[in-house]
Amino acid sequence: MNTFTSDRSAPDAAAVDRAEIKTGRRKLFVKSYGCQMNAYDATRMADVLAPEGYDETTDMADADLVILNTCHIRERAAEKVFSELGKVRVLKEERAALGLDMKIAVAGCVAQAEGAEIIRRQKAVDLVIGPQNYHRLPEMLRRAEKAGAVIETEFPIEDKFDHLVAPARAKVASRGVAAFVTIQEGCDKFCTFCVVPYTRGAETSRPVARIIEEAQHLVAAGVREITLLGQNVNAFHGSDEAGDPCSLPGLVIKLSRIPGLLRLRYMTSHPNDMTDELIAAHASEAALMPFLHLPVQSGSDRILQAMNRKHRASDYFDVVARIRAVRPDIALSSDFIVGFPGETEGDFQATLDLISRVGFASCYFFKYSIRPGTPGAEMDNQVPEAVKAERLARLQKLADGQRHAYNKSAVGKIMPVLFEKKGRHPGQIAGKTPYLQTVQVDGPEHLIGTIVDVEITGTSTNSLFGKLVEQVS
Ligand code: SAH
Ligand code: SF4
Ligand code: F3S
């Protein structure tokens, strides 16, 4: 899963002026780091706070509440948060000099991992909130107003966004054509490099009825594609309306019956949870897109074992063969860790071989970095940085070649493109192929939200270019 940083804002934020603050409206600035799940949570935090009078702003200095939604997957992630907090504190002091308040909240996985330490080290922080507690933001803000700093990093069993009222959900949904819905959180797999089981807790699945309700609201607000999110999304095991168990393929079938919901995707999957039923759904459910993010991490059995992945390279080849048997055109992507403790040149070569053999549409590479508290951190055969960097460059070269070849192979084909937004240049619109490639096309904006056949005419580093098969005015 690729990681990123994003500032979020409502399109109408600029229209909210100071007068509204006096009448009770306040401004919220959320900065989100890390995975899609954090991006989704940022949207939901804005939802929870909207009925409390918060509108989003793009200007941190203008915010009554700043939330840093943090990620803990990288080394020194906590240090980076503290340095960012130092900058926010300066803004808080500048506002205080003008008689204006600013509350600072730290959310996400660093909040979960560091807890009270954050407030101990940075006194300007008012609130530390773990990913399981976002539904309690309003209550915690009220407590912070009255009693000073508040910390909440428990793992309650309730659905954290369950209480959200329908209009609030629909408001957020109106922001686009493609949306995310979290269906599963946490992880019980304990790969020896990974902090997620500690920061997101044990694996839990949301009830099917809640997911369907959320999807219906999104579709009513214009969403046409939903990506189901989870740390181990294919381990989803919710219960349906009758209280019976429901796995991911069952959920996909139910969701694909929602009129207006044209496309479904899911991420991130674990190879050991690719069941026959899920693979069969790729053949039977037209809405389920032929793209699968299926991280393997390494091609070496020795390293896979040290990582506690509980599968061998040959198991991965088997899964890929089973999927390709029903969807020969499926586009695959994967994460890889380079320089896991003890990785030899031979182990690394096995990873290169796996990539060559599978053929990926896209790959994400991460240099191994120590996460305190994980078994990998205790391993004494750490790989030198220079070796990691050199191997990373070789991996990147191989994967770049595959990605370019994959994109080039699309040229000349006609593909159904779901248009999502305006394109890079005036008169252009941008959308996605079933294989998650971005396509830029000359075309009218009213096609946004619809699927239209496009002939692919060319490629650049990150996009495809195409033309509408039938001219539309
Ligand atoms: N649940 C998903 C994603 C986990 S985090 C999965 O099982 O694949 C996203 C990616 O970050 C991982 O796939 C892994 O490649 C990378 N990652 C996690 N911990 C890491 C670490 N300590 N060092 C380097 N990369 C790491
Ligand atoms: Fe981390 Fe492994 Fe769980 Fe993925 S499966 S979240 S890499 S422990
Ligand atoms: Fe980062 Fe937490 Fe996601 S550690 S990758 S934000 S689950």
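1. So, the overall build of the protein chain
Stage number 1. A count of helical and extended segments in the protein chain gives 16 helices and 22 strands.
Stage number 2. Relative to its length of 473 residues, the protein chain is compact, with a C-alpha radius of gyration of 23 Å against a globular reference of 23 Å.
Stage number 3. Dimensions of the protein chain, computed from C-alpha atoms along their principal axes, come out at roughly 65 × 65 × 50 Å.
Stage number 4. Taking all 473 residues of the protein chain together, 55% fall into the buried category.
Stage number 5. Of the contacts made within the protein chain by residues no fewer than 6 positions apart, 72% connect residues no fewer than 24 positions apart.
Stage number 6. For the protein chain, the exposed area adds up to about 19,700 Å²; of that, 54% sits on carbon and sulfur atoms.

2. Section: the sheet that holds strand β16 (residues 331–338)
Stage number 1. Ordered in space as β15-β16-β17, the three strands form an open sheet in which the pairing is parallel. Two strands in the sheet have a free side with no partner beyond their single neighbour: β15 (291–293) and β17 (362–367). Averaged over all pairs of adjacent strands, the angle between their axes in this sheet comes to 15°, without regard to strand direction.
Stage number 2. Pairing geometry for β15 and β16, over three bridges, is parallel. Along β16, the bridge assignment pairs Leu-292 with Leu-332.
Stage number 3. Each of β16 and β17 is contacted by helix α14 (residues 345–358), which is oriented at about 175° to β16, the strand it contacts most.

3. Some points on the confidence of the model for the protein chain
Detailed reading of the predicted coordinates is not advisable wherever pLDDT is low.
Stage number 1. Scored by pLDDT, the protein chain has a mean of 89; 91% of the residues are at 70 or more.
Stage number 2. Predicted confidence for residues 1–22 stays below pLDDT 50, and this span has 54 contacts to residues more than four positions away or in other chains.

4. Details of the pattern of salt bridges
Oppositely charged side chains may form a pair once their charged atoms are brought near each other.
Stage number 1. Enumeration over the complete set of coordinates arrives at 35 salt bridges.
Stage number 2. For Asp-41, the salt bridge goes to Arg-200, with nearest N and O atoms at 3.1 Å. Pair noted here: Asp-41 is in helix α2 (residues 36–49) and Arg-200 is in the loop between α8 (196–199) and β10 (204–205), with a separation of 159 residues, a long-range link. A single burial state applies to Asp-41 and to Arg-200, both of which are buried.
Stage number 3. Residue Glu-345 is joined to Arg-391 by a salt bridge in which the shortest nitrogen-to-oxygen separation is 3.8 Å.

5. Side note on the site of ligand 1
Stage number 1. Around ligand 1 there are 15 residues in total, and Phe-193, Gln-231, Gln-297, Asp-335 and Ser-369 lie nearest to it.
Stage number 2. Between ligand 1 and Phe-193, the relevant distance is 2.9 Å, taken from a nitrogen atom to a main-chain nitrogen or oxygen of the residue.
Stage number 3. Asp-335 is positioned such that a nitrogen or oxygen atom in its side chain is 2.7 Å from an oxygen atom of ligand 1.
Stage number 4. Burial of ligand 1 by the protein chains amounts to 94% of its free accessible area of 530 Å².
Stage number 5. Residue assignment for the shell around ligand 1 shows that the elements contributing at least two residues are β16 and β17.
Stage number 6. Taken together, the residues that form the shell around ligand 1 break down as six nonpolar, four polar and five charged.

6. Notes on the domain arrangement of the protein chain
Stage number 1. Splitting the protein chain by domain gives domain 1 (10–152), domain 2 (169–408) and domain 3 (414–468).
Stage number 2. Each of domain 1 and domain 2 has a C-alpha centre, and these two points are 29 Å apart.
Stage number 3. Residue-level contacts link 22 residues of domain 1 with 26 residues of domain 2.
Stage number 4. Carbon and sulfur atoms make up 53% of the area that domain 1 and domain 2 hide from each other, which totals about 2,100 Å².
Stage number 5. For domain 1, the biggest contributors to the area lost against domain 2 are Gln-36, Met-37 and Tyr-40; these three give 29% of the whole.
Stage number 6. Across the domain 1-domain 2 interface, the total number found is two salt bridges.
Stage number 7. The tally of links between domain 1 and domain 2 comes to seven residue pairs in polar contact (both at pLDDT 80 or more).

Rules of the game
Residues numbered from 1 in each chain as written. Chains lettered and ligands numbered in written order. Predicted model: local features only at pLDDT ≥ 70, side-chain atom pairs only at ≥ 80, totals over all residues. Heavy atoms only, no water. Helix = DSSP H or I, 4+ residues; strand = E, 2+ residues; numbered from the N terminus. Rg over C-alpha atoms; globule rule 2.2 N^0.38 Å. Buried < 20%, exposed > 50% of the residue type's maximum accessible area, 1.4 Å probe, protein only. Contact = heavy atoms within 4.5 Å. Areas by Shrake-Rupley, 256 points an atom, 1.4 Å probe, with all protein chains shown as cover. Pairing = 2+ DSSP bridges. Axes fitted to C-alpha atoms, helices over the stretch in contact; angles between N-to-C directions. pLDDT = per-residue confidence, 0-100. Salt bridge = Lys/Arg side-chain N within 4 Å of Asp/Glu carboxyl O. Near = heavy atom within 4 Å. Polar contact = N/O pair within 3.5 Å; in protein donor to acceptor, adjacent residues only side chain to side chain. Nonpolar A, V, L, I, M, F, W, Y, C, P; charged D, E, K, R; others polar. Domains from an automatic or database assignment. Buried area = accessible area lost by both parts, 1.4 Å probe.

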